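If you want the building blocks of each chain, they are given just below.
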Amino acid sequence: MFPRKGASEEEVLAELEEKTAEDLTFDSGRILGSMCTYPHPFARKVISIYIDRNLGDPGLHIGSQKIEEEAIQMISNLLGLEKGYGNIVSGGTEANILAVRAFRNLADVEKPELILPRSAHFSFLKASEMLGVKLVWTELKEDYSVDVNDVERKITDNTIGIVGIAGTTGLGVVDDISALSDLAIDYGLPLHVDAAFGGFVIPFAKELGYDLPDFDFRLKGVQSITIDPHKMGMVPIPAGGIIFRKKKFLEAISVPAPYLAGGKVWQATITGTRPGANALAVWAMIKHLGFEGYKEVVKRAMELSRWFAGELKKIPGVYLIREPMLNIVSFGTTNLEEVEEKLKRRGWGISAHRGYIRIVMMPHVRREHLEEFLRDLQEIITR
Ligand SMILES: Cc1ncc(COP(=O)(O)O)c(C=O)c1O
């Protein structure tokens, strides 16, 4: 019911505290299956200062718009592009929708089709429904990466583009983007790389010596990349990223917004009014941590995932779905549903709805949390 009379701040806060008591919090270390994390304190600070900025009306907040642009350029550089075109958006979902929208608008075919791996995120289902683009799913190989031969077989005159994934949602697998890029060039098609998760992991892990495939604009067929600061970038939600190689993609999805207080602009994002503070936080975090800072975060996460995978293998009845490529470890057990239920009852934020349990080594996950989890898992399984 909409209250007729207001309550004091103390009363409202007390009610909030009571009602959120059943939420799991990132700092508790119990959330092991999420791609989000406890926001970096510095990002929180930036957001609290600039909470009023609206990038939906950039004429009013010209400085903030320039900062968003700088953030896009820094991320483009990280991804091997001197100058990119894009926006800080609400998340990987919006970024993927924007990429599909750009491909469709430029393709000029009557019955548009998008080719994507079975491992793709469900955001493409939303894109498909909203944009009238048929999804053509391709098979995976034994290692759970996309079968590039199957992709080639499925190309038709209606194909508007190809999707590859750099860090699949379930297993953190990086597809053979280089082969997809060659294919895209051969057939004159644009390739979109969904690096929503892997974008803030792979560049750093590669420099740390992990043997990972190329995935970014260094591959000439790659025309757009989704990369989310609100995942491994440690920026508060919402902060996704879409980068296009060429201006024409952004232009293909821009509409005129004529009546804004700050004057006429062109808008490519799905959202109109959108949080400037989060875009500023992306910029601030990149400036604050730098490549070396993110490399440290990724180093911890990668080392933890290798150690954790090794520990899982020691538990009878537990098996890895595949060796981890990034900082995601997914495993199965005998009586998986029962194990999931019991782990949840012990307060662990995990799920097994994909047919396995996925643990994401986000920055808030520490070794002591995992040791406790392993003890619980072992107890549950051997009982
Ligand atoms: C590979 C991939 N793409 C896209 C998304 C969607 O991101 P968001 O939930 O920020 O919209 C996710 C989310 O987990 C993802 O893993």
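Calculation criteria
- Residues numbered from 1 in each chain as written.
- Predicted model: local features only at pLDDT ≥ 70, side-chain atom pairs only at ≥ 80, totals over all residues.
- Heavy atoms only, no water.
- Core = buried A, V, L, I, M, F, W, Y, C linked by side-chain atoms within 4.5 Å.
- Buried < 20%, exposed > 50% of the residue type's maximum accessible area, 1.4 Å probe, protein only.
- Helix = DSSP H or I, 4+ residues; strand = E, 2+ residues; numbered from the N terminus.
- Domains from an automatic or database assignment.
- Contact = heavy atoms within 4.5 Å.
- Near = heavy atom within 4 Å.
- Polar contact = N/O pair within 3.5 Å; in protein donor to acceptor, adjacent residues only side chain to side chain.
- Nonpolar A, V, L, I, M, F, W, Y, C, P; charged D, E, K, R; others polar.
- Pairing = 2+ DSSP bridges.
- Axes fitted to C-alpha atoms, helices over the stretch in contact; angles between N-to-C directions.
- Parallel < 35°, antiparallel > 145°, perpendicular 65-115°, else oblique.
- Left-handed = near helix turned anticlockwise from the far one by under 90°.
- Right-handed = clockwise from strand over helix to strand, strands pointing away.
- Arc of directions from axis to C-beta.

Another point: the nonpolar core. Side chains of nonpolar character tend, in soluble globular proteins, to be buried together. Judged by nonpolar contacts, the single largest core of 97 residues is most densely connected at F308, I359, F373 and L377. Here this core gets 19 residues from one element, more than from any other, and that element is helix α10 (residues 276-313). Each of domain 1 (14-39 + 291-382) and domain 2 (43-287) contributes no fewer than three residues to this core. Residues in contact with F308, not counting those within four places in the same chain, are V329, I359, M361, L370, F373 and L374. Membership of the second largest hydrophobic core comes to 25 residues, among which are L98, A99, L116 and F124.

Turning next to the site of the ligand. The immediate surroundings of the ligand are formed by 13 residues, with T93, T169, D194, H230 and K231 found nearest. One of the side-chain N or O atoms of D228 is found 3.4 Å from an oxygen atom in the ligand. Take K231: an N or O atom from its side chain is 2.9 Å from an oxygen atom of the ligand. Here the shell around the ligand takes three residues from helix α4 (residues 92-107), the largest share from any one element. The class makeup of the residues in the shell around the ligand is two nonpolar, eight polar and three charged.

On to the sheet that holds strand β10 (residues 318-320), then. In spatial order, the strands read β10-β11-β12; together these three strands make up an open sheet with antiparallel pairing. Single-partner strands in this sheet number two, and they are β10 and β12 (357-360). Along the sheet, successive strands turn relative to each other by an average axial angle of 30 degrees, direction set aside. The pairing of strand β11 (residues 328-333) with β12 spans four bridges and is antiparallel. Along β12, the bridge assignment pairs S330 with R358. Along the sheet, helix α12 (residues 367-382) makes contact with β10, β11 and β12, crossing β11 at roughly 10 degrees.

The seven strands are arranged β1-β7-β6-β5-β4-β2-β3 in an open sheet whose pairing can be described as mixed. Each edge of the open sheet carries a strand with a single partner, namely β1 (85-89) and β3 (134-138). Neighbour-to-neighbour, the strand axes of this sheet turn through a mean angle of 20 degrees, independent of strand direction.

With that settled, consider the packing of helix α11 (residues 336-345) against α12. α12 packs onto α11 with a crossing angle of 130 degrees between their chain directions and a minimal axis gap of 10 Å. Put simply, α11 runs oblique to α12. In terms of crossing hand, the pair formed by α11 and α12 is right-handed. Contact residues: V339, K342 and L343 in α11; F373, D376, L377, I380 and I381 in α12.

Another aspect to go through is the pairing of strand β5 (residues 191-194). Residues L191 and V193 point to one face of β5 and H192 and D194 to the other, with burial holding for every one of them. In this fold, the crossover linking strand β4 (residues 159-165) to β5 by way of helix α7 (residues 177-187) has right-handed handedness. Two elements, β5 and strand β6 (residues 222-226), share four bridges in a ladder whose sense is parallel. If you follow L191 over to β6, its bridge partner there is V222. In this fold, β5 hands off to helix α8 (residues 202-207), which returns the chain to β6; that crossover is right-handed.

Within helix α5 (residues 123-131), the full set of buried residues consists of S123, F124, A127, S128 and L131. Summarising the axial view, the buried residues of α5 lie within an arc of 145 degrees, below the 170-degree limit, and thus occupy one face. Along α5, exposed side chains directed more than 90 degrees from the buried face belong to E129 and M130. The inward-facing, buried residues of α5 contact α4, β2 (113-117), β3, β4 and β5. Positioned one or two residues after α5, G132 has a phi angle of 65 degrees, which is positive.

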